[in-house]
Amino acid sequence: MTKLAIPDLSLVALVGVSGSGKSTFARTHFAPTQVLSSDRFRGLVADDENDQSATPDAFDALYYVADKRLRAGRLTVVDAMHLHREDRAKLVAAARARDVLPVAIVFDLPEAVTRRRNAEHRALPGHVLRRQQEALRRSVRHLAKEGFRKVHVLSTVDDVAAAGIEYEK
Ligand code: ATP
Ligand code: MG
């Protein structure tokens, strides 16, 4: 196992394109209540996890809950793509507001893998996936500068399979 060290009170951003395995990883390594997913919150506010017009309200609600959790000292994982600097800045600010360390786990998998999974997963048009990939590529090297205290990058399917979380005080 490759241990991904994260402080035991962290706000964890999963970072990756659609189909990169964020939700699967979150299910495997964290308790369901620790994971706040943008899909789930879109569902809660709009009865439809895919209703993109609900995204601003969904994130308002998500960060409201995240703040309550962090205030109570509970590790929290945000399952969203985090491909854009502004989205990540919101997460870093939420962590800082409660003196919690922001951490990024990046799913930078080969495009062939995410393209193949996408076919059965969300069937997004090719150009959408491509734009997401480009945004991810541009993002990775900036994460530490943006305030993430730890940045763990998983670059292959094997990296993901071998990864485990190790909590540090
Ligand atoms: P989205 O951003 O669209 O929510 P995601 O990053 O959460 O995507 P998942 O839903 O976790 O991605 O995975 C997408 C698809 O790939 C699913 O069908 C899932 O079963 C499959 N998948 C995820 N991780 C793995 C893995 N390690 N091995 C094989 N298949 C996987
Ligand atoms: Mg997902």
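Residue numbering note: each chain is counted from 1, following its sequence as written. Chain letters and ligand numbers both follow the written order, the letters beginning at A and the numbers at 1. With the structure being a predicted model, the display of local features is reserved for residues of pLDDT at least 70 and the display and counting of side-chain atom pairs for 80 or more, all residues being used for whole-chain, interface and lining totals. As a rule here, side-chain values cover all heavy atoms of the structure and leave hydrogens and water aside.

## Considerations on the sheet that holds strand β4 (residues 76-79)
- In this analysis, strands are considered paired if DSSP registers two or more bridges between them. Strands here mean DSSP runs of E at least two residues long; helices mean DSSP runs of H or I at least four residues long; both are numbered from the N terminus. Overall, parallel pairing links the 5 strands, which are arranged β3-β4-β2-β5-β6 in an open sheet. Bordering the open sheet on either side are β3 (35-37) and β6 (150-154), each of which pairs with just one other strand. Taken over all neighbouring pairs, the strand axes of this sheet differ in orientation by 20° on average, direction set aside.
- Strand direction decides the pairing type here: strand β2 (residues 10-16) and β4, joined by 4 bridges, are parallel. Counterpart to leucine 14 in the pairing with β4 is aspartate 79.
- Any two residues having at least one pair of non-hydrogen atoms within 4.5 Å are treated as being in contact. Orientation is described by lines fitted to C-alpha atoms, with helices fitted over the stretch in contact, and by angles between N-to-C directions that extend from 0 to 180 degrees. Packing against the sheet, helix α2 (residues 38-46) makes contact with β3 and β4, and its axis sits at approximately 60° to β3.
- Docked against the sheet, helix α3 (residues 55-71) engages β2, β3 and β4, running at close to 165° with respect to β3.

## Things to note about the packing of aromatic side chains
- Any Phe, Tyr or Trp ring, taking Trp's six-membered ring, that has another such ring centre within 6.5 Å forms a pair; planes under 30 degrees apart are called stacked, those over 60 apart edge-to-face, and the others tilted. Taken as a whole, this structure holds 2 aromatic pairs when the rule is applied.
- Between phenylalanine 59 and tyrosine 63 the ring centres are 6.4 Å apart and the planes differ by 25°, which places this aromatic pair in the stacked class. Of this pair, phenylalanine 59 and tyrosine 63 both sit in helix α3, 4 residues apart, roughly one helical turn. Taken as a pair, phenylalanine 59 and tyrosine 63 share a single burial class, namely buried. For each residue, the accessible area found with a 1.4 Å probe, counting protein chains only, is set against the maximum for its type, and the residue is called buried under 20%, exposed over 50%, and partly exposed in between.

## Some details on the site of ligand 1
- Near ligand 1 the following residues occur: Val17, Ser18, Gly19, Ser20, Gly21, Lys22, Ser23, Thr24, Asp39, Arg117, His121 and Arg122.
- Residues adjacent in sequence count toward polar contacts only when both atoms are side-chain atoms; beyond that, a polar contact is any pair of N or O atoms within 3.5 Å, and within protein one must be able to donate a hydrogen and the other to accept it. Serine 20 is positioned such that a nitrogen or oxygen atom in its backbone is 3.3 Å from an oxygen atom of ligand 1.
- Here an oxygen atom of ligand 1 and a side-chain polar atom of threonine 24 are 2.5 Å apart.
- Comparing atom positions with the cavity grids shows ligand 1 to sit within the largest pocket.
- Ranked by residue count, the leading element in the shell around ligand 1 is helix α1 (residues 22-29), at 3 residues. Residues are classed as near a molecule or strand on a simple rule: at least one heavy atom within 4 Å of it. With a 1 Å grid spanning the protein atoms alone, the term cavity applies to any set of points in which a 1.4 Å probe fits but cannot get out, the term pocket to an open set with protein on both sides within 12 Å along at least five of seven lines, and the term lining residue to any residue with an atom within 4 Å of a point. Each molecule is assigned to a cavity or pocket provided more than half of its atoms lie within 2 Å of the corresponding grid points.

## Brief notes about the layout of surface pockets
- Grid points are joined across faces, edges and corners, and a volume is the space filled by probe spheres set on the points. Of the volumes computed, that of the largest pocket is approximately 1000 Å³.
- Ser18, Lys22, Ala80, Met81 and Arg122 are the residues nearest the centre of the largest pocket, which is lined by 40 residues in total.
- Examining the composition of the lining of the largest pocket, we find that 7 residues originate from one element, α1, more than from any other.
- Each residue belonging to the lining of the largest pocket can be placed in one class, and the counts come to 13 nonpolar, 17 polar and 10 charged.
- Looking at the second largest pocket, its volume works out to about 190 Å³.
- Lining the second largest pocket are Ser23, Ala26, Arg27, Phe30, Pro32, Val35, Ser37, Asp39, Arg40, Glu49 and Asp79.
- Elements that contribute at least two residues to the lining of the second largest pocket include exactly α1, β3 and α2.
- The dominant element in the lining of the second largest pocket, judged by the number of residues it contributes, is α1, at 3 residues.
- The residue inventory of the lining of the second largest pocket, partitioned by class, reads 4 nonpolar, 2 polar and 5 charged. Just so you know the grouping, Ala, Val, Leu, Ile, Met, Phe, Trp, Tyr, Cys and Pro go in nonpolar, Asp, Glu, Lys and Arg go in charged, and all remaining residues, Gly too, go in polar.

Purely geometric stuff here, so don't read any function into it on its own.
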